[in-house]
Amino acid sequence: MRERRLLLIIGGGIAAYKCLELIRRARERGFSVRTVMTKAAQAFVTPLSVSAISNERVLTELFDVDEEREIGHIRLSREADLIVVAPATADLMAKMAGGHADDLATAVLLATDKPVLIAPAMNPRMWQHAATQRNAATLEADGIHFIGPNAGEMAERNEAGPGRMAEPHEILAAIERLWGDEIANHIGATQPLAGRHVLITAGPTHEPIDPVRYIANRSSGKQGYALAAAARALGARVTLISGPTGLPIPHGVFVSHVESAREMLATVEAALPADVGIFTAAVADWRVADASNQKIKKDAKHATPTLSLVENPDILKTVGQAKAGRRPPLVVGFAAETDNVLENAKKKRKSKGADWIVANDVSPATGIMGGDRNAVHIVSAEGVESWPDMDKGDVARQLMDRVAAWLAENTGEA
Ligand code: CTP
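Conventions adopted
Residues numbered from 1 in each chain as written. Predicted model: local features only at pLDDT ≥ 70, side-chain atom pairs only at ≥ 80, totals over all residues. Heavy atoms only, no water. Helix = DSSP H or I, 4+ residues; strand = E, 2+ residues; numbered from the N terminus. Expected span 1.5 Å × (residues − 1). Buried < 20%, exposed > 50% of the residue type's maximum accessible area, 1.4 Å probe, protein only. Arc of directions from axis to C-beta. Near = heavy atom within 4 Å. Polar contact = N/O pair within 3.5 Å; in protein donor to acceptor, adjacent residues only side chain to side chain. Areas by Shrake-Rupley, 256 points an atom, 1.4 Å probe, with all protein chains shown as cover. Core = buried A, V, L, I, M, F, W, Y, C linked by side-chain atoms within 4.5 Å. Contact = heavy atoms within 4.5 Å. Salt bridge = Lys/Arg side-chain N within 4 Å of Asp/Glu carboxyl O. Axes fitted to C-alpha atoms, helices over the stretch in contact; angles between N-to-C directions. Parallel < 35°, antiparallel > 145°, perpendicular 65-115°, else oblique. Left-handed = near helix turned anticlockwise from the far one by under 90°. Nonpolar A, V, L, I, M, F, W, Y, C, P; charged D, E, K, R; others polar. Lys, Arg positive; Asp, Glu negative; His and termini not counted. Pairing = 2+ DSSP bridges. Patch = residues over 30% accessible without salt bridge, like charges linked within 9 Å, V, L, I, M, F, W, Y side chains within 5 Å.

Q: How would you sum up helix H14 (residues 392-410)? Please name residues and give values.
A: Between its terminal C-alpha atoms H14 stretches 26 Å, which fits the 27 Å expected from 19 residues at 1.5 Å a residue. Of the residues making up H14, those classed as buried are Lys392, Gly393, Val395, Ala396, Leu399, Met400, Val403, Ala404 and Leu407. Around the axis of H14, the buried residues are gathered within 165 degrees of arc, so they sit on the same side. The outward face of H14, more than 90 degrees from its buried face, is lined by the exposed residues Ala408 and Glu409.

Structure (structure tokens):
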């Protein structure tokens, strides 16, 4: 197995000294550790001690002419499997959330498409400040992973609360966890979807009644987002076309946010061609025929409104029945049913021109709609395969493995 490569970014906080132990422990576990230090970090530990313990040269400045020529921020990110920021100070988090890139550390963070884990460390008041909490939420939505901060005594006297950096062994455990989840399966040669374009629809659609009201459904989007993450983990270029969900965007996935079925269809058409199209969105079947441009008022002069509905375009069917060349070689639909699950799924597969239908029972008692688990049946021309109840992430990974195998068997090299 090849070496596991960490890029450690040390921020300027008193907890920076703990990074020496983190590096030592990580190297013991077989990681190579390359380090970038911010200017402020160098006030707390010296590049010399970091370089001695990591056995690598420590990088500090973005505009050091020699270093930029030898090893730029793009290469630094490319040559790492995982980036760890410790301590992640309030200032560094703000810069990351704002997309700043005025030194080597922030430039690497903006340029990377690798998983990033941060270990925040700051005074509890700074951690609890609305600005830091806002930045933390932004980073989480951007797909950044967090470890800590822990609660406890701070370096400053009489200050307690969350803000203490996670201990080196905790950071290392988080690294190992990420390795298992995101990285281990696809470092080295196992990127079976590299060079493939995977298009996924997800979430509900919102169909306007007037500027403040809409028709929607209970879809959470979780299964579609999990598929996007799984496809990306196998090396695919992923376009996720999502109705309103509020879910964090999986790292490295390109997302287009849409509201209505018609917007979703137009965005899907613009994103083609693709090697596979996976349609998990719970598209509203109908929209309001004459949505009002003004808020509909509830007063004595107006009668209770009646909504008249017209059918929305069927996105899966439009793509499933598209002509060869435009139609992805593999088209996968989902069928959310409450009765006669398999019978309906088989009918949908034919009527919509899909190759596979992933069918599930969404009766309220199953808790699948909006929940974290799913029990699916894969309906194809070959028959029906029923999978046991599992986490939506596992459904996603197994389905993407199957997609990768199908593409390898039925289409040429990517
Ligand atoms: N679908 C779509 N566009 C629509 C309706 C559905 O792309 N306007 C896709 C869904 O993303 C899913 C599949 O079609 O992959 C089946 O959706 P479902 O709602 O179960 O089927 P419907 O066609 O709406 O049939 P019904 O509601 O009558 O069961």
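There's plenty left to go through after this.
Q: So, the site of the ligand: which residues are in play, and what are the values?
A: Within the structure, the ligand sits among 14 residues, and Phe279, Ala281, Leu316, Lys348 and Lys352 are positioned closest to it. Interatomic distance of 2.5 Å between a backbone N/O atom of Phe279 and an oxygen atom of the ligand. A distance of 3.5 Å is found between an oxygen atom of the ligand and a backbone nitrogen or oxygen belonging to Ala336. Protein coverage of the free-state accessible area of the ligand, which is 570 Å², stands at 77%. Broken down by secondary-structure element, the contributors of at least two residues to the shell around the ligand are helix H12 (315-320), strand E16 (330-337) and helix H13 (341-352).

Q: Go over the nonpolar core, please, and point to the residues and values.
A: Judged by nonpolar contacts, the single largest core of 34 residues is most densely connected at Leu193, Val198, Ile278 and Met400. Secondary-structure elements contributing two or more residues to this core are strand E8 (197-202), helix H10 (222-233), strand E11 (237-242), strand E13 (276-279), E16, strand E17 (356-361), strand E19 (376-380) and H14. Residues contacting Met400, with those up to four places away along its chain left out, are Leu193, Val198, Leu227, Ala230, Ala231, Leu234 and Ile278. By size, the runner-up hydrophobic cluster in this structure holds 31 residues, among which are Leu6, Cys19, Ile23 and Ile171.

Q: Could you give me a rundown of the pattern of salt bridges, with the residues and numbers involved?
A: Opposite charge on two side chains lets them pair, provided their charged atoms get close. For the structure shown, the criterion picks out 22 salt bridges. Between Arg327 and Asp355 there is a salt bridge whose closest N-O contact spans 3.1 Å. Here Asp355 lies in the loop between H13 and E17 and Arg327 lies in the loop between H12 and E16, a separation of 28 residues in the sequence. Through salt bridges with shared partners, a single ionic network connects Arg34, Glu56, Arg75 and Glu79.

Q: Quick rundown of the packing of helix H5 (residues 90-98) against helix H8 (residues 130-141)? Include the residues and the values.
A: Two elements in contact, H5 and H8, have axes separated by 9 Å at closest approach and are oriented at 50 degrees. The pairing of H5 with H8 is recorded here as oblique in orientation. Crossing angle aside, the handedness with which H5 passes H8 is left-handed. Taken together, the residues of H8 that come into contact with H5 (itself represented by Ala90, Met93, Ala94, Met96 and Ala97) are Thr132, Asn135, Ala136, Thr138 and Leu139. Looking at the contact of H5 with H8 residue by residue, the classes come out as seven nonpolar, three polar and no charged.

Q: Let's hear about the side chain of Arg349: which residues, and what values?
A: Tracing the sequence through the fold places Arg349 in helix H13. At 5.6 Å, Asp355 is the nearest oppositely charged side chain to Arg349, a buried residue that forms no salt bridge. Apart from the residues within four sequence positions on either side, Arg349 is in contact with Ala354, Asp355, Trp356, Ile357, Val379, Ser380 and Ala381.

Q: So what's going on with the side chain of Thr201? Which residues, and what values?
A: Along the chain, Thr201 falls in strand E8. Thr201 gets classed as buried once you look at its relative accessible area, which sits at 3%. When near neighbours in sequence (up to four residues on either side) are disregarded, Thr201 contacts Ile241, Met264, Val268, Ile278, Phe279, Thr280 and Ala281.

Q: Tell me about the pairing of strand E3 (residues 82-88), and please be specific about residues and values.
A: By the criterion of burial, E3 is predominantly enclosed, with seven of the seven residues buried. In this sheet, E3 lies alongside strand E1 (residues 4-10) in parallel orientation, the contact comprising four bridges. Within the sheet, the bridge partner assigned to Leu8 lies in E3 and is Val84. Inspection of the sheet shows E3 paired to strand E4 (residues 116-120) by four bridges, in the parallel sense. Considered in E4, the bridge of Ile83 is made with Val116.

Q: Tell me about the sheet that holds E16, and please be specific about residues and values.
A: Spatially, E12-E11-E8-E13-E16-E17-E19-E20 is the arrangement adopted by the eight strands of the open sheet, whose pairing is mixed. Since the sheet does not close on itself, it has two edges, and those belong to strand E12 (254-257) and strand E20 (383-386), each with one partner. Shown here is a sheet whose adjacent strand axes are inclined to one another by a mean of 15 degrees, direction ignored. Contacting E8, E11, E12, E13 and E16, H10 crosses the sheet at an angle of about 170 degrees to E11.

Q: Report on a nonpolar patch on the surface, specifying residues and quantitative values.
A: Judged by side-chain polarity, Ile14, Tyr17 and Phe44 come together as a nonpolar surface patch covering roughly 330 Å² of accessible area. Within the secondary structure, Ile14 sits in the loop between E1 and helix H1 (18-28). Overall, the relative accessible area of 52% leaves Ile14 in the exposed class.

Q: Could you give an account of unusual backbone geometry, naming the residues involved and the relevant values?
A: Cis geometry marks the peptide bond from Ala86 to Pro87; its omega dihedral reads -15 degrees. The backbone of Asn55 sits at a positive phi, close to 60 degrees, despite the residue not being glycine. Here Asn55 shows up in the loop between helix H2 (47-54) and helix H3 (65-70). By relative accessible area, which is 59% here, Asn55 ends up exposed. The phi dihedral of Asn340 falls on the positive side, at around 45 degrees, and the residue is not glycine.

Shape descriptors only; they carry no functional weight alone.
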